[in-house]
Amino acid sequence: MIKFNKPTITQLEEKYIVDALHNSILSGDGKYTNRVYQQFQERFGIKNMLLTTSGTTALEMASILADLQDGDEVIAPSFTFSSTINAFLLRGAKAVFCDIREDTFNIDENKIEDLITDKTKAIYVVHYAGIPCEMDKIIEIANKYNLFIIEDAAQAVGSTYKGKVAGTMTEFGCYSFHETKNYAMGEGGAIIVNEEKYMERAEIIREKGTNRRNVLRGLVDKYTWHDIGSSFLPSDLLAALLSAQMDRYDEIMEKRMLVWNTYYEGLQDLEKNKKLRLPIIPEGIQHNAHMFNILLPTAEIRDDLIKKLKEKDIVAYICYVPLHSSPYGLKLGYKPEDCPITEDIAARLLRLPLYADMTKEDATYVVKAIEGVL
Ligand SMILES: Cc1ncc(COP(=O)(O)O)c(C=O)c1O
């Protein structure tokens, strides 16, 4: 059976978790949380990072920090996870859905400007499948209209755009370390605060609106209520798990790349014969082998392929059901025709199994199975 996803766990993860149990602050911001910050600083030059309880809550923190409010409009793709949009709906802001590009399935930077009104306050971009969006153009638009950009880099830890690390190119970047992501802590995430001026407030919001972090730093002897906030701080036990994964960063990336490249090379002939389309990685982008998607000619062929792969014990899934045409999207008044490219791609896209401990032989088995069906 080829599972869809499986976390990669070794004795190192076990060792760090047991150590955290005995030698750290279980409630969070202990030695492993700080170790994770150091690892991200050393590897990516990230200075202001705060671990959160999920990618979802990192996005929620970003919405609070951008001061999104009732009546504000936020431009975002519909081809994303519900968390991207819920993050600002929870603040009372409204989603203005922007269609995606046919090549990368990322927000179409050329369609953003037409959606801007005097209520627009922010753009949420999603680096889908670990392939960063066309950030130069998006940043240019945001600067012109004075808008926040929040990078939903949940899937893009380790990806780069023109040498810049995903999650570090705008005011706020949000990572996910959910068990399905490249580097996992079970449930968890992080907000990257790229402008120093927001960091103090970010620390307070993450700690239920209090300055508890300053007690841990020894700066004050008791903490007090300063702002709104919530319980966004993960246990140090989970940070220990992530810290071990970050020690294994190169190994995990290499293993995932091997599977990704095996798919990419193995499926070339099917692409030449127009049976499917392989991922398109624009120039200047380094992806992180988070996902491998194939685009089939029709929804019927995609659905039939899922069924037949299942018969061969291979689990492959559809990607997203577009949010604008999901039950809640329709309830809010959006219509399927609002984002026609999103609708079309979502119906034809298929996500293949990909995890670090999958072997080249497993990936070849999947390739052969797809060849057999198509
Ligand atoms: C694009 C995107 N945004 C946000 C999230 C939410 O992250 P988490 O599951 O860590 O809350 C995910 C995770 O699945 C995601 O893929």
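Below is a summary of the structure that appears in this document. (Residues numbered from 1 in each chain as written. Predicted model: local features only at pLDDT ≥ 70, side-chain atom pairs only at ≥ 80, totals over all residues. Heavy atoms only, no water.)

### What to know about the layout of surface pockets
Logical step 1: By volume, the largest pocket amounts to about 610 Å³.
Logical step 2: What lines the largest pocket is a set of 31 residues, and nearest its centre among them are Phe81, Gln155, Thr180, Lys181 and Tyr320.
Logical step 3: Contributing elements (two or more residues each) for the lining of the largest pocket: α3 (55–65) and α4 (82–89).
Logical step 4: Taken together, the residues of the lining of the largest pocket break down into 13 nonpolar, 14 polar and four charged.
Logical step 5: Considering only enclosed or pocket space, the second largest pocket measures out at about 150 Å³ in volume.
Logical step 6: Lining the second largest pocket, in full, are Ser82, Ile85, Asn86, Leu89, Ala95, Phe97, Leu323, Ser326, Tyr328, Gly329, Leu332 and Tyr334.
Logical step 7: For the lining of the second largest pocket, the secondary-structure elements that each account for two or more residues are α4, β3 (94–98) and α12 (327–331).
Logical step 8: Of the residues forming the lining of the second largest pocket, the biggest block, four residues, is contributed by α4.
Logical step 9: Its residues assigned to classes, the lining of the second largest pocket comprises eight nonpolar, four polar and no charged.
Logical step 10: Counting the residues that make up the lining of the second largest pocket, at least three belong to each of domain 1 (11–247) and domain 2 (249–373). (1 Å grid on protein atoms, 1.4 Å probe; cavity = no way out; pocket = protein on both sides within 12 Å on 5 of 7 lines; lining within 4 Å. Points joined across faces, edges and corners; volume = space filled by probe spheres on them. Helix = DSSP H or I, 4+ residues; strand = E, 2+ residues; numbered from the N terminus. Nonpolar A, V, L, I, M, F, W, Y, C, P; charged D, E, K, R; others polar. Domains from an automatic or database assignment.)

### Quick word on the site of the ligand
Logical step 1: As a matter of local geometry, the ligand sits amid 17 residues, with Gly55, Thr56, Asp152, Ser176 and Lys181 nearest to it.
Logical step 2: Within the backbone of glycine 55, an N or O atom sits 2.8 Å from an oxygen atom of the ligand.
Logical step 3: Serine 176 has a polar side-chain atom sitting 2.7 Å from an oxygen atom of the ligand.
Logical step 4: At a threshold of 2 Å from the grid points, most atoms of the ligand map onto the largest pocket.
Logical step 5: Contributions of two or more residues to the shell around the ligand are made by α3 and α4.
Logical step 6: Classifying every residue of the shell around the ligand by side-chain character gives five nonpolar, 10 polar and two charged. (Near = heavy atom within 4 Å. Polar contact = N/O pair within 3.5 Å; in protein donor to acceptor, adjacent residues only side chain to side chain. Sits in = over half its atoms within 2 Å of the grid points.)

### Observations regarding the nonpolar core
In globular proteins that are soluble, nonpolar side chains generally tend to be buried together.
Logical step 1: If you look at the biggest cluster of nonpolar residues, it comprises 90 residues, and the most contacted ones within it are Phe177, Leu267 and Ile294.
Logical step 2: Considering each element in turn, this core owes the most residues, seven residues, to helix α9 (residues 249–266).
Logical step 3: The residues that make up this core include at least three from each of domain 1 (11–247) and domain 2 (249–373).
Logical step 4: Apart from residues lying up to four places away in sequence, isoleucine 294 is in contact with Leu267, Leu276, Arg277, Leu278, Leu305, Arg348, Leu349, Leu350, Leu352 and Ile370.
Logical step 5: One finds Cys98, Ile131, Cys133 and Leu147 within the second-largest nonpolar core, a separate group that totals 19 residues. (Core = buried A, V, L, I, M, F, W, Y, C linked by side-chain atoms within 4.5 Å. Buried < 20%, exposed > 50% of the residue type's maximum accessible area, 1.4 Å probe, protein only. Contact = heavy atoms within 4.5 Å.)

### A word on the packing of aromatic side chains
Logical step 1: Going through the model one piece at a time under the given rule, you end up with 20 aromatic pairs.
Logical step 2: Taking the centre distance of 6.4 Å and the plane angle of 65° together, the rings of phenylalanine 105 and tyrosine 128 count as edge-to-face. In this pair, phenylalanine 105 sits in the loop between β3 and β4 (120–126) while tyrosine 128 sits in the loop between β4 and α5 (135–145), placing the two residues 23 residues apart along the sequence. Both residues of the pair, phenylalanine 105 and tyrosine 128, count as buried.
Logical step 3: Their ring planes at 50° and their centres at 5.1 Å tell us that tyrosine 263 and phenylalanine 292 sit as a pair that is tilted. In this pair, tyrosine 263 is assigned in helix α9 and phenylalanine 292 in the loop between β10 (285–286) and β11 (293–295), connecting sequence segments 29 residues apart. Neither residue differs from the other here; tyrosine 263 and phenylalanine 292 are each classed as buried. (Phe/Tyr/Trp six-rings, centres within 6.5 Å; stacked < 30°, edge-to-face > 60°.)

### A word on the pairing of strand β2 (residues 73–77)
Logical step 1: Within β2, five of the five residues are buried, which leaves it mostly tucked inside the rest of the structure.
Logical step 2: On β2, burial covers both faces: Glu73, Ile75 and Pro77 on one face and Val74 and Ala76 on the other are all buried.
Logical step 3: Note that β2 and β3 share five bridges and pair parallel. Counterpart to isoleucine 75 in the pairing with β3 is valine 96.
Logical step 4: In this region the chain leaves β2, passes through α4 and returns to the parallel neighbour β3; the handedness of that crossover is right-handed.
Logical step 5: Of the pairings in the sheet, the one linking β2 to β4 comprises three bridges and is parallel in character. (Pairing = 2+ DSSP bridges. Right-handed = clockwise from strand over helix to strand, strands pointing away.)

### Focus on the sheet that holds strand β6 (residues 160–161)
Logical step 1: On the basis of which strands lie adjacent, the open sheet formed by three strands has the order β7-β6-β10 and antiparallel pairing. For this open sheet the edge positions go to β7 (164–165) and β10, each flanked by a neighbour on one side alone.
Logical step 2: Bridge count for β6 against β10 is two bridges, and the pairing is antiparallel. Note on β10: the bridge partner recorded for threonine 160 is glutamine 286.

### Describing the environment of aspartate 362
Logical step 1: The topology assignment puts aspartate 362 in helix α14 (residues 360–373).
Logical step 2: For aspartate 362, a relative accessible area of 22% translates into the label partly exposed.
Logical step 3: Along the primary structure aspartate 362 and threonine 33 are separated by 329 residues, whereas in three dimensions their C-alpha atoms are 35 Å apart.

### Some points on the sheet that holds strand β5 (residues 148–152)
Logical step 1: Ordered in space as β1-β9-β8-β5-β4-β2-β3, the seven strands form an open sheet in which the pairing is mixed. The open sheet has two edge strands with one neighbour each: β1 (49–52) and β3. Strand-to-strand twist across the sheet, computed as the mean angle between neighbouring axes with direction ignored, equals 20°.
Logical step 2: Sheet topology places β1 next to strand β9 (residues 189–193); four bridges connect them, and they run antiparallel. Bridged to leucine 50 within β9 is isoleucine 191.
Logical step 3: Strands β4 and β5 of the sheet are contacted by α5, whose axis makes an angle of about 150° with β5.
Logical step 4: Against the sheet, helix α6 (residues 199–206) engages β1 and β9, with an angle of about 15° to β1. (Axes fitted to C-alpha atoms, helices over the stretch in contact; angles between N-to-C directions.)

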